[in-house]
Amino acid sequence: MTQKILVLPGDGIGPEITAQASRILVACQARGLDVEIDDGLLGGAAYDVHGEPLPAETLEKAKAARGILLGAVGGPKWDTIEDLAKRPEKGLLGVRKQLGLFGNLRPAITYPQLAQASSLKPELVAGLDIMIVRELTGGIYFGQPRGIEERDGERVGFNTYVYSESEIERIGRVAFEMAQKRDKKLCSVDKANVLEVTILWREVMERLASEYPDVELSHMYVDNAAMQLVRAPKQFDVVVTGNMFGDILSDAAAMLTGSIGMLPSASLNESGQGMYEPCHGSAPDIAGQNVANPLATILSVAMMLRYSLNEPALASRIEKAVGKVLDDGLRTADIASQGTRTVSTTAMGDAVVAAFERQ
Ligand code: NAD
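All values reported here derive from a predicted model rather than from experimental measurement.

Peer 1: Describe the side chain of Ser267, and please don't skip the residues or the numbers.
Peer 2: Counting through the fold element by element, Ser267 comes out in strand S11 (residues 264-268). A relative accessible area of 1% means that Ser267 is categorised as buried. With near-sequence residues (within four places) excluded, Ser267 lies in contact with Leu101, Gly103, Asn104, Leu136, Gln273, Gly274 and Met275.

Peer 1: So what's going on with unusual backbone geometry? Which residues, and what values?
Peer 2: Cis geometry marks the peptide bond from Gln144 to Pro145, where omega comes out at 0°. In this fold, Pro145 is placed in the loop between strand S5 (129-135) and strand S6 (147-151). Positive phi outside glycine occurs at Lys184, with the angle close to 65°. In this structure, Lys184 sits in the loop between helix H6 (165-181) and strand S8 (185-190). At Asn310, a residue that is not glycine, the phi angle is positive and equals roughly 55°. Counting through the fold element by element, Asn310 comes out in the loop between helix H10 (295-307) and helix H11 (312-327).

Peer 1: Account for the site of the ligand, with residues named and values stated.
Peer 2: Lining the immediate environment of the ligand, one finds 17 residues, of which Val73, Gly281, Ala283, Asp285 and Asn293 sit closest. Interatomic distance of 3.2 Å between a side-chain N/O atom of Glu277 and a nitrogen atom of the ligand. Between the ligand and Ala283 there is a distance of 2.8 Å, counted from an oxygen atom to a backbone nitrogen or oxygen. In isolation the ligand has 800 Å² of accessible area, and contact with the protein removes 64% of it. Residues belonging to the shell around the ligand are distributed by class as follows: eight nonpolar, six polar and three charged.

Peer 1: I'd like a description of the packing of aromatic side chains, backed by residues and values.
Peer 2: Applying the stated criterion to the full structure yields four aromatic pairs. A ring pair is formed by Tyr161 and Tyr163, whose centres lie 6.1 Å apart and whose planes are at 65°; its orientation type is edge-to-face. For the ring pair Tyr161 and Phe245, a centre distance of 6.2 Å and an interplane angle of 90° mean the geometry is edge-to-face. Placement of the pair is Tyr161 in the loop between strand S7 (154-158) and H6 and Phe245 in helix H9 (residues 243-256), with a sequence separation of 84 residues. Each member of the pair, Tyr161 as well as Phe245, carries the same accessibility label: buried.

Peer 1: So what's going on with the pattern of salt bridges? Which residues, and what values?
Peer 2: Inspection of every chain in the model, using the stated rule, returns 20 salt bridges. Between Arg151 and Glu149 there is a salt bridge; the shortest N-O distance is 2.9 Å. In this structure Glu149 comes out as partly exposed when scored by relative accessible area, which is 36%.

Peer 1: Got a sec to walk through helix H4 (residues 88-99)? Specific residues and values, please.
Peer 2: Relative to the 16 Å expected for 12 residues at 1.5 Å per residue, H4 spans 18 Å between its end C-alpha atoms, a close match to the ideal helical length. For H4, the set of buried residues is Pro88, Gly91, Leu92, Gly94, Val95 and Leu99. Along the long axis of H4, the arc covered by the buried residues comes to 155°, so they all point the same way. Gly100 sits one or two positions beyond H4 and adopts a positive phi of about 65°.

Peer 1: Give a description of helix H1 (residues 14-30) that names residues and reports values.
Peer 2: Along its 17 residues, H1 runs 24 Å from first to last C-alpha, staying within 8% of the 24 Å computed at 1.5 Å per residue. When we look at burial in H1, the residues that qualify are Gly14, Glu16, Ile17, Thr18, Gln20, Ala21, Ser22, Ile24, Leu25, Ala27 and Cys28.

Peer 1: Give a description of the environment of Val238 that names residues and reports values.
Peer 2: With respect to the element layout, Val238 can be found in strand S10 (residues 238-241). Residue class for Val238 comes out buried when judged on its relative accessible area of 1%. Beyond its immediate stretch of four places on either side in the chain, Val238 contacts Met131, Val133, Ala175, Met178, Ala179, Arg182, Lys185, Leu186 and Cys187.

Peer 1: Hey, could you go over the packing of helix H8 (residues 222-231) against H9 for me, with residue numbers and the actual values?
Peer 2: Running from N to C, H8 and H9 cross one another at 10°; their axes reach a closest spacing of 10 Å. Between H8 and H9, the angle is such that the two are roughly parallel. Mapping the contact onto sequence places Val222, Ala225, Ala226, Leu229 and Val230 in H8 and Phe245, Leu249, Ala252, Ala253 and Leu256 in H9. Its residues assigned to classes, the contact of H8 with H9 shows 10 nonpolar, no polar and no charged.

Thresholds applied
- By convention here, each chain's residues receive numbers from 1 onward along its written sequence.
- In view of the model being predicted, local features appear only for residues whose pLDDT reaches at least 70, and side-chain atom pairs are presented and counted only at 80 or more, with totals across whole chains, interfaces and linings using the full set of residues.
- Side-chain metrics in this entry use all non-hydrogen atoms of the structure; hydrogen atoms and water are not considered.
- Per the convention used, a helix needs a DSSP run of H or I reaching at least four residues, while a strand needs a run of E reaching at least two, with both numbered from the N terminus.
- Throughout this description, buried means an accessible area under 20% of the type-specific maximum (1.4 Å probe, protein chains only), exposed means over 50%, and partly exposed covers the range between.
- Contacts are assigned to residue pairs that have any heavy atoms within 4.5 Å of one another.
- Summary of the distance rule: residues count as near a molecule or strand when at least one heavy atom falls within 4 Å of that molecule or strand.
- Polar contact is the term for a pair of N or O atoms within 3.5 Å; when the atoms are in protein, one must be able to donate a hydrogen and the other to accept it, and sequence-neighboring residues count only if both atoms are side-chain atoms.
- For the area figures, the Shrake-Rupley method with a 1.4 Å probe applies, and any residue is considered shielded solely by the protein chains shown.
- Polar here means any residue outside two lists: the nonpolar Ala, Val, Leu, Ile, Met, Phe, Trp, Tyr, Cys and Pro, and the charged Asp, Glu, Lys and Arg; Gly therefore counts as polar.
- Aromatic contacts are taken between Phe, Tyr and Trp rings whose centres are within 6.5 Å, Trp giving its six-membered ring; a plane angle under 30 degrees counts as stacked, one over 60 as edge-to-face, and the others as tilted.
- Here a salt bridge means any side-chain nitrogen of Lys or Arg lying within 4 Å of a carboxyl oxygen belonging to Asp or Glu.
- To estimate the expected span of a helix, subtract one from its residue number and multiply by 1.5 Å.
- Here the arc refers to the directions that run from the helix axis out to each C-beta atom.
- Here an axis means a line fitted to C-alpha atoms, over the contact stretch when the element is a helix, while the angle between two N-to-C directions is reported on a 0 to 180 degree scale.
- Oblique is the label for any angle not covered by the other classes, which are roughly parallel (under 35 degrees), roughly antiparallel (over 145) and roughly perpendicular (65 to 115).

The structure is reproduced here in structure tokens:
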């Protein structure tokens, strides 16, 4: 059955990088991928046309799509919109919420060719391949009650850190299944020495572990996990954690790899429908200059093929093409170093498509 894919270029460098990623999708179509590709407006680009960051038409297309490829949203042009509900990022949050995208997959991979770019010693990060599974729709970012109010003559700010068993189980299953497909090691990160909500988190992970006997489950407190990530990151295979801890740890892990321009991500719901996007933002400082790195977006297409379209062979083919282009010494400016050849966004796209075709 023909599946639908929706491309949402968004703002800033979004249109430039999704254009290159779309070329890879078209190359996959030529190799038998049965998809129909459409596009839509999201974020500031949608606000400029429709006066809102998530128009009904885009939402409808998103709901019908098996995979959504997003560039990035936001930029200074829209930072002064007074109504916060109309800001570009609300468009992104709206898609996540409406589609129930609770499972955020954030791989941190250091290509050996780029190990020098990491802030850690190359031997600590070369060959690094961690998958952080972050719960995305619950936890302290969404818990009620929340607010700032007057109590005993002073203002008090408060939030609620809450997870139900079913929410924990749902993300736990994503993580165990991910570990089964990888090195079968899962580390659950919590703060069970202090927070009841994560005592429950740990209990549910333990219960699930009996259903996945091939996966070795371990637990780590979040402060230790942060330390271990910068001390010996290669000890991790899959990490599962809640929304806030995952937010912080996945950014730290991203930096281990040396370049934000290389990192894809996925956000999935229970039916495997997903939104795929680079980890970086819309980079307004370099927008329109044909210098942005399109590889994170191209690698997001590979994730879409693997996790929503069940096409692991095509996904590997894209990943190999990216590796080949790096082997050949091609780099966009953000990852350039001595002895490499700096190329434009479009030239990088050309090279990846050519390497994909040559395999
Ligand atoms: P950013 O990731 O856009 O940029 C940070 C730095 O990294 C900049 O110097 C930028 O030029 C560089 N960079 C980012 N992606 C690159 C790429 N592909 N190739 C080369 N260099 C790249 O983060 P920021 O500057 O904090 O945010 C800019 C805008 O993006 C803001 O409006 C922010 O709200 C938005 N944003 C959107 C998303 C999203 O859509 N998911 C995520 C983060 C930030």
